[in-house]
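Each chain, written out:
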Amino acid sequence: MNAKLCMPEFPRAVIRREKLTERMHAMAGPAVMLHAGSGYGKSFVMAEYIQRFQEPYIWYQLDRTDDSMEIFLCYFEAALQQHLKDFRFRQDGSEWTPERIEGMAKQVLGELERWKGKLTIILDDFQYIQNEHLYDFLNCFIRFLSRNIRIFLLTKGRFPGFLTKLLLQGRISILDKEDLKVTKEELEKHLEYQDLQEEQSEAYAPLERIMYYSQGWMTAVADCLQMRTWDTDLLHSVNILNYIQYEIWNGLCRREQIFMQESAALSVLTPEICNRVLGIEDAEEMLEHFVEEQLLTERGDDLVYQYHPLLKAFLYTRTEKEERLEISRREDMLYRKRSNFKRVISFAEMEKPSCSLSCFGGICVCEEEKGITLHWRTRKTKEMFGYFWEHADRPLSKDEVIEALWQEADGQKIESLFHTTLSYLKRSFSEVGISNLIRTDNKKYIMDSSRFRSDTEALQGLYEKWKKGIFSRGLEGDYQYLNQIYAGEYMKEIDGFWVISRREYYQKLYLKCCKLLVQQGRALRLHDLNVHILKHAIELDPYSEELNEMLIEGLGALGEFQLAKQCYENYTRLLKEDLNITISRQVRESYQNNILRRSG
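Residues numbered from 1 in each chain as written. Predicted model: local features only at pLDDT ≥ 70, side-chain atom pairs only at ≥ 80, totals over all residues. Heavy atoms only, no water.

Draft legend 1. How the structure looks around the overall build of the chain. What the chain contains, in helices and strands, is 26 helices and 13 strands. Here the C-alpha radius of gyration of the chain, 32 Å, is well above what a compact globule of 600 residues would show, namely 25 Å. Seen through its C-alpha atoms, the chain measures out along the principal axes to roughly 105 × 75 × 40 Å. Put simply, the chain has 600 residues, and 49% of those count as buried. Excluding contacts between residues fewer than 6 apart, the proportion of contacts in the chain whose partners are at least 24 apart in sequence is 69%. With the model as given, the accessible surface of the chain reaches about 30,600 Å², and the carbon-plus-sulfur share is 46%. For the chain, the separation between the mean place of its 81 positive charges and that of its 94 negative charges on side chains is 2 Å. (Helix = DSSP H or I, 4+ residues; strand = E, 2+ residues; numbered from the N terminus. Rg over C-alpha atoms; globule rule 2.2 N^0.38 Å. Buried < 20%, exposed > 50% of the residue type's maximum accessible area, 1.4 Å probe, protein only. Contact = heavy atoms within 4.5 Å. Areas by Shrake-Rupley, 256 points an atom, 1.4 Å probe, with all protein chains shown as cover. Lys, Arg positive; Asp, Glu negative; His and termini not counted. Charge placed at Lys NZ, Arg CZ, Asp CG, Glu CD.)

Draft legend 2. Layout of the environment of Leu 225. Tracing the sequence through the fold places Leu 225 in helix H10 (residues 218–227). Separated by 211 residues in sequence, Leu 225 and Val 14 place their C-alpha atoms 7.1 Å apart.

Draft legend 3. Just the nonpolar core, in detail. Counting 76 residues, the largest nonpolar core has Phe 385, Phe 388, Phe 429, Phe 452 and Leu 482 as its most contacted members. Setting aside its immediate chain neighbours within four residues, Phe 429 contacts Val 365, Leu 374, Trp 376, Phe 385, Ile 434, Leu 437 and Phe 452. Met 27, Ala 36, Phe 152 and Ile 273 belong to the second largest nonpolar core, which has 68 residues in total. (Core = buried A, V, L, I, M, F, W, Y, C linked by side-chain atoms within 4.5 Å.)

Draft legend 4. Expanded view of the sheet that holds strand S5 (residues 172–176). Judged by pairing direction, the sheet is parallel, and its five strands sit side by side in the order S2-S3-S4-S1-S5 without closing on themselves. Looking at which strands have only one partner, the edges of the open sheet turn out to be strand S2 (57–61) and S5. Geometrically, the sheet is characterised by an average inter-axis angle of 15° between neighbouring strands, direction not taken into account. Relative to strand S3 (residues 119–124), S2 is paired through five bridges, and the arrangement is parallel. Each residue of the ladder has a partner; that of Gln 61, found in S3, is Asp 124. In the packing of helix H5 (residues 132–143) onto the sheet, contacts are made with strand S1 (31–35), S3 and strand S4 (149–155), and the angle to S4 comes to roughly 140°. (Pairing = 2+ DSSP bridges. Axes fitted to C-alpha atoms, helices over the stretch in contact; angles between N-to-C directions.)

Draft legend 5. Seen up close, the confidence of the model for the chain. Per-residue confidence for the chain averages 85 on the pLDDT scale, and 90% of its residues sit at or above 70. Segment residues 194–204: pLDDT under 50, and 18 contacts once partners within four positions in sequence are set aside and those in other chains are kept. Low confidence marks residues 344–353, where pLDDT is under 50. Its contacts with residues over four positions away, or in another chain, come to 31 contacts. (pLDDT = per-residue confidence, 0-100.)

Draft legend 6. Fine view of the environment of Ser 450. Assignment of secondary structure puts Ser 450 in the loop between strand S12 (444–447) and strand S13 (452–454). Judged by relative accessible area, which is 36%, Ser 450 ranks as partly exposed. C-alpha separation for the pair Ser 450 and Leu 134, spaced 316 residues apart in sequence, amounts to 57 Å.

Draft legend 7. Spatial organisation of the pattern of salt bridges. Counted by the stated rule, this structure contains 32 salt bridges. A salt bridge links Arg 379 to Asp 495, with the shortest nitrogen-to-oxygen separation between them at 3.4 Å. A residue pair is termed long-range when its members are at least 10 positions apart, and Arg 379 in helix H17 (residues 379–390) and Asp 495 in the loop between helix H21 (475–485) and helix H22 (500–524) qualify at 116 residues. A single burial state applies to Arg 379 and to Asp 495, both of which are exposed. The residue Glu 400 makes a salt bridge to Arg 394 at a minimum N-O spacing of 3.5 Å. Owing to a relative accessible area of 26%, Glu 400 belongs among the partly exposed residues under this scheme. (Salt bridge = Lys/Arg side-chain N within 4 Å of Asp/Glu carboxyl O.)

Draft legend 8. The arrangement of the state of the cysteines in detail. Inspection of the entire model under this criterion finds zero disulfides. In this structure Cys 274 is not part of a disulfide, and its nearest cysteine sulfur, from Cys 253, lies 15 Å away. Counting only cysteine sulfurs, Cys 364 is the nearest neighbor of Cys 366, a cysteine outside any disulfide, at a range of 6.5 Å. (Disulfide = S-S within 2.5 Å.)

Draft legend 9. Structural view of the pairing of strand S9 (residues 364–367). Direction of pairing for strand S8 (residues 355–358) relative to S9: antiparallel, over a ladder of four bridges. Bridging across to S9, Cys 355 finds its partner in Glu 367. Taking the residues between adjacent antiparallel strands as the criterion, S8 and S9 are bridged by five residues, where Gly 361 takes a positive phi near 85°.

Okay, structure coming up:
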């Protein structure tokens, strides 16, 4: 009996939740529910709360056997006796009528009135309670509980319906999984990030990796902290996979297991797509069940659902690659029938080699498996590929392509040039094992972009990650990787009018990445690297006010006041000579504050 009435012990490596426990302590009402799925740290947070505020408490660890009025009251009586030595329930052996249940609840409340100080009652794993008599007992108990007594219900799964009325009355407060997620600030503090000096850039990478893969799920965060191995990929952690199997997978019926692992292969998880691709009729019912039971499944806008990345990784371990490929093919066929080319996955040629595509510094296509670089028969063949890539997955008419590529050609020869060049383009890809790259649909031409792993997508993905604060290689490594991707102008050898705006877009995107690196470098005090990044960025955009201001500040942070002064004067001269404008007030004030005043 003592084991069920003891607070669990937790490893010291687990993160502290000071702000969360303060919030719990300040919550209004006699009851607080911690409502989240497995592994969100409900019990740990409760234990930290008890240790921090040092208030008398009763901890009752529930299990399936406690869903009985007699057993529950037996343990509840023993728990109360820890503080009320003479307490005994008056039991007469009669049926559990509403009157008798209310009388039992009021007996406890009457005894607790003798307790003058504060008392915290914790019912852990409350989801095991399904008994209507117990619901009635607790409903009455919470309704009339005095202010000095608080009860905490720790539960996962569906919200207990009997508490709805108490919730509306303000008698119960709720903390859900969003409240219980570990924050970046908490993890940063745990790693003592601000105290690191020489290894700051290395420290930042694990911090971001943990947050990216765990999404604040306490079990995953704790696993990383206990391993103390930041390069370990959480997606393949044996501890995490075993936890998901025990806490989630084993609780599903066989049909739910099959549905979950098959639906994980879909690129878009909606009830309609699941029903059509998997050949079932009740996908929405099962997905809603996963959400309500809090099985690492979330529902977004427009009935689009999402599995947690670590759950998806677990499901992949239980599915053969061929099975996932077949499901993806069926999904692909569905999108094609609907002419939804944005969603087309194109698995028709999946067994054949894919290509890497470099657009920065010039167009280069390489078949990855054999390492063969594509040979362009003519300059116009390469230009046609570039135009199709620029408009990938969009149907193009023959006239559109001709207008872009042959503006000055003789009208009688244009159509012949178009078909010859298109034939050369298809043959070049066929020689490296890729057929059906460009298909014809209703007299229009569509190039399938899914066959390529491109540097443009890599640059866009890098920017999106860095915008979220995810830097995974150390700042210097990230900058080197950025320059490996952006090796020069977009489609440098192409002169067509259609490429100009896109070329400018990617140069601006590269410069945005540089600015994000510099902002992060400021926080890590890596001023030497910042100056190096900014000098290169200004070569691409010498008139940028923001870049020049950041460079002047960076030189000032290094104590290079003379170089900062030269930079300021050169920028002032450039604006005057080339654009006939004066330097902005903001840059002038920044220069005065960061350089002139500091240099005396």
